[in-house]
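# Analysis of the macromolecular model
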Amino acid sequence: MTVLSRYEYVKLADAIAADIASGKLPQGAALPGERAMTDLYSVSIGTVRRAVVELRKRGLVATLPAKGTYVIGMPEPADDTPKASE
């Protein structure tokens, strides 16, 4: 088991967001269930739940009661180029 830091759920959310960005989890794809993710990522169910909340806040997933959590968006690309008005 990994040593959990205070922000382990953010690391998990970032890992899932990377899978979405790479196309490994395309739009419309279902995320694994909470219990499956605890085994897959070796984290607690609380960490999984907080990560899913974080992904919802980012607009990447939506949870349908008794149906599961699905990918609905893509992460915004980092745009470090200056704007013409800057």
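Everything here concerns the structure above.
Presented here is a report on the structure given in the accompanying data block. (Residues numbered from 1 in each chain as written. Predicted model: local features only at pLDDT ≥ 70, side-chain atom pairs only at ≥ 80, totals over all residues. Heavy atoms only, no water.)

## So, the overall build of the chain
- Scanning the chain from N- to C-terminus turns up three helices and two strands.
- Listing every helix and strand of the chain by position from the N terminus yields α-α-α-β-β.
- Counting every position in the chain, which comprises 86 residues, the buried fraction comes to 29%.
- Considering only residue pairs separated by 6 or more positions, the chain has 54% of its internal contacts joining residues 24 or more positions apart.
- Summed over its atoms, the accessible surface of the chain is roughly 5900 Å², and 56% of this surface lies on carbon and sulfur atoms. (Helix = DSSP H or I, 4+ residues; strand = E, 2+ residues; numbered from the N terminus. Buried < 20%, exposed > 50% of the residue type's maximum accessible area, 1.4 Å probe, protein only. Contact = heavy atoms within 4.5 Å. Areas by Shrake-Rupley, 256 points an atom, 1.4 Å probe, with all protein chains shown as cover.)

## A few points about the pairing of strand 2 (residues 68-71)
- The two faces of strand 2 differ: Thr69 and Val71 on one face are buried, but Gly68 and Tyr70 on the other face are not.
- In the sheet, strand 1 (residues 61-64) pairs with strand 2 via four bridges, with the strands oriented antiparallel. From the neighbouring strand, Thr63 faces strand 2, where its bridge partner is Thr69. (Pairing = 2+ DSSP bridges.)

## Focus on the nonpolar core
- Ranked by size, the top nonpolar core spans 18 residues in total, and within it Ile16, Ile20, Leu25, Leu31 and Leu55 carry the most contacts.
- Listing elements by their share of this core, those giving two or more residues are helix 1 (8-22) and helix 3 (45-57).
- If you tally residues by element for this core, the top one is helix 1, at six residues.
- Excluding its chain neighbours within four sequence positions, the residues that come into contact with Ile20 are Leu25, Leu60, Val61, Val71, Gly73, Met74 and Pro75. (Core = buried A, V, L, I, M, F, W, Y, C linked by side-chain atoms within 4.5 Å.)

## What to know about unusual backbone geometry
- Of note in the backbone geometry, Ser42 takes a positive phi value of approximately 55° without being a glycine.
- Relative to the elements of secondary structure, Ser42 occurs in the loop between helix 2 (34-41) and helix 3.
- For Ser42, a relative accessible area of 34% gives the class partly exposed.
- Positive phi outside glycine occurs at Ala66, with the angle close to 65°.
- You can see Ala66 is positioned in the loop between strand 1 and strand 2.

## Thoughts on the packing of aromatic side chains
- Summed over the entire model, instances satisfying the criterion amount to zero aromatic pairs.
- Lying over the aromatic face of Tyr9, Arg50 brings its terminal NZ or CZ to 4.0 Å of the ring centre. (Phe/Tyr/Trp six-rings, centres within 6.5 Å; stacked < 30°, edge-to-face > 60°. Lys NZ or Arg CZ within 6 Å of the ring centre and 35° of its normal.)

## Quick look at the pattern of salt bridges
- Throughout the structure, instances matching the rule amount to four salt bridges.
- Between Arg49 and Glu34 there is a salt bridge; the shortest N-O distance is 3.0 Å. Taken as a pair, Arg49 in helix 3 and Glu34 in helix 2 lie far apart in primary sequence, 15 residues in all.
- Residue classification places Glu34 among the partly exposed residues on the basis of a relative accessible area of 33%.
- Connected through shared salt-bridge partners, Asp14, Glu54 and Arg58 make up one network. (Salt bridge = Lys/Arg side-chain N within 4 Å of Asp/Glu carboxyl O.)

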